[in-house]
Amino acid sequence: MKAIIGRKLQMTQLFSESGTAVPVTLIEAGPCTVTQVKTVDRDGYAALQIAFGTRKAKHVNRPLKGHMDKAGQGYFQVTGEVHLPEDGDQQYDLGQQLTVDSFKIGDIVDVRGTSKGKGYAGTIKRWGFSRGPSTHGSKNVREPGTTGNATFPGRVIKGRKMAGQKGNKRVTVMGLKVIDVRPEDNLLVVKGAVPGARNGIVFIRQTNRVR
């Protein structure tokens, strides 16, 4: 299972051989360090815990410091988990480095990140509700309308689309194509946009969707 943690750098465009502009995102992917190897016998499932970025020792609490000391590669900014097939024959060791050269051009990946936070927003901006009539006497220009609390069952049902926090949520964009891989720069170039702002942390893995 190919997977790596990275940092979104910026969006730009590349030109294909036919001269078509292709929108791409540049991602600083890895290198990542294996900080824990989970097995079926001990943990109930097979997985790798990988870490990315650097952090000063004074900013790491004692339990996390003891956990990362087992790998012997310093302290890291963020960790993530990669599930492995239970019948996989590839072996991993603590402290092993995972680099971007595990990917190749043409791979299809899923990218997970945290979307940009837009603050408190009304239903028109947050959910795309339509405006009410803006004629004389109308009191429903940008209001959400009925929420169901005055009808059966006399309360607002959970999950009702209402005003609230917009963005700042974990989002996964699936089926992005790898356009270029540059191991010397730890750079991964994928077609299209990925969630989050510049310098946001993203998790990239080979898609498990059947195409």
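It should be noted that the structure appears before, not after, this text.
Residues numbered from 1 in each chain as written. Predicted model: local features only at pLDDT ≥ 70, side-chain atom pairs only at ≥ 80, totals over all residues. Heavy atoms only, no water.

Undergrad: Where do I start with the overall build of the chain in this structure?
TA: In terms of helices and strands, the chain carries 3 helices and 12 strands. Its C-alpha atoms give the chain a radius of gyration of 23 Å, more than 25% over the compact-globule value 17 Å for 211 residues. Summarising its shape, the C-alpha atoms of the chain cover approximately 70 × 50 × 40 Å along the three principal directions. For the chain, buried positions account for 34% of its 211 residues. (Helix = DSSP H or I, 4+ residues; strand = E, 2+ residues; numbered from the N terminus. Rg over C-alpha atoms; globule rule 2.2 N^0.38 Å. Buried < 20%, exposed > 50% of the residue type's maximum accessible area, 1.4 Å probe, protein only.)

Undergrad: Honestly, the sheet that holds strand 10 (residues 170-182) in this entry has me stumped. Any pointers?
TA: What holds strands together in a sheet is hydrogen bonding between their backbones, with the strands either parallel or antiparallel. On the basis of which strands lie adjacent, the closed barrel formed by 6 strands has the order 1-2-11-10-7-12 and antiparallel pairing. The mean angle between the axes of side-by-side strands here comes to 50°, regardless of whether they run parallel or antiparallel. In this sheet, strand 10 lies alongside strand 7 (residues 108-114) in antiparallel orientation, the contact comprising 6 bridges. When the bridges of strand 10 are listed, I108 appears paired with K177. (Pairing = 2+ DSSP bridges. Axes fitted to C-alpha atoms, helices over the stretch in contact; angles between N-to-C directions.)

Undergrad: When you look at the layout of surface pockets in this model, what are you seeing that I'm missing?
TA: Using a probe with the size of a water molecule, rolled over the atoms, empty space left in the structure can be pinpointed. Of the voids in this model, the second largest pocket is the one considered here, and its volume is about 190 Å³. Taken together, 14 residues make up the lining of the second largest pocket; nearest its centre are M1, A3, Y92, L98 and S102. When its residues are assigned to classes, the lining of the second largest pocket shows 8 nonpolar, 5 polar and 1 charged. (1 Å grid on protein atoms, 1.4 Å probe; cavity = no way out; pocket = protein on both sides within 12 Å on 5 of 7 lines; lining within 4 Å. Points joined across faces, edges and corners; volume = space filled by probe spheres on them. Nonpolar A, V, L, I, M, F, W, Y, C, P; charged D, E, K, R; others polar.)

Undergrad: So what exactly am I meant to see when it comes to a positive patch on the surface here?
TA: Together, K116, K118, K125 and R198 line one region of the surface with positive charge. Note on placement: K125 falls in helix 3 (residues 123-127). (Patch = residues over 30% accessible without salt bridge, like charges linked within 9 Å, V, L, I, M, F, W, Y side chains within 5 Å. Areas by Shrake-Rupley, 256 points an atom, 1.4 Å probe, with all protein chains shown as cover. Salt bridge = Lys/Arg side-chain N within 4 Å of Asp/Glu carboxyl O. Lys, Arg positive; Asp, Glu negative; His and termini not counted. Charge placed at Lys NZ, Arg CZ, Asp CG, Glu CD.)

Undergrad: Explanation requested: the sheet that holds strand 3 (residues 32-38) in the structure shown.
TA: Judged by pairing direction, the sheet is antiparallel, and its 4 strands sit side by side in the order 5-4-3-6 without closing on themselves. Two strands close off the open sheet at either side, each with one partner strand: strand 5 (78-83) and strand 6 (97-98). Note that strand 4 (residues 47-52) and strand 5 share 6 bridges and pair antiparallel. Bridged to I50 within strand 5 is G80.

Undergrad: Explain the nonpolar core here, please?
TA: One broad rule of soluble globular proteins: the nonpolar side chains tend to lie buried together. Formed by 28 residues in total, the largest nonpolar core has its most connected members in I27, I50, V109, L188, V190 and I204. When contributions to this core are tallied by element, the ones reaching two or more residues are strand 1 (3-15), strand 2 (21-29), strand 3, strand 4, strand 7, strand 10, strand 11 (187-191) and strand 12 (201-206). Among all residues touching I27, those that are not within four sequence positions of it are G6, R7, N186, L187, L188, V190, V194, V202 and I204. (Core = buried A, V, L, I, M, F, W, Y, C linked by side-chain atoms within 4.5 Å. Contact = heavy atoms within 4.5 Å.)

Undergrad: Explain unusual backbone geometry to me, please; I cannot follow it from the model alone.
TA: Here the amide bond leading from G30 into P31 is cis, since omega sits at -5°, within 30 degrees of zero. Summarising the element assignment, P31 is placed in the loop between strand 2 and strand 3. That bond from F152 to P153 is cis: its omega, 5°, falls within 30 degrees of zero. Phi is positive for N186, which is not a glycine, with a value near 50°. Of the residues examined, N186 reaches a relative accessible area of 24% and is grouped as partly exposed. Of note in this structure, N199 is not a glycine but carries a positive phi near 70°. Relative to the helices and strands, N199 resides in the loop between strand 11 and strand 12.

Undergrad: Where do I start with the packing of aromatic side chains in this structure?
TA: Here a ring pair, both rings aromatic, is described through the centre-centre distance and the interplanar angle of the planes. Applying the stated criterion to the full structure yields 0 aromatic pairs. Sitting over the ring of Y75, K65 keeps its end group 6.0 Å from the ring centre. (Phe/Tyr/Trp six-rings, centres within 6.5 Å; stacked < 30°, edge-to-face > 60°. Lys NZ or Arg CZ within 6 Å of the ring centre and 35° of its normal.)

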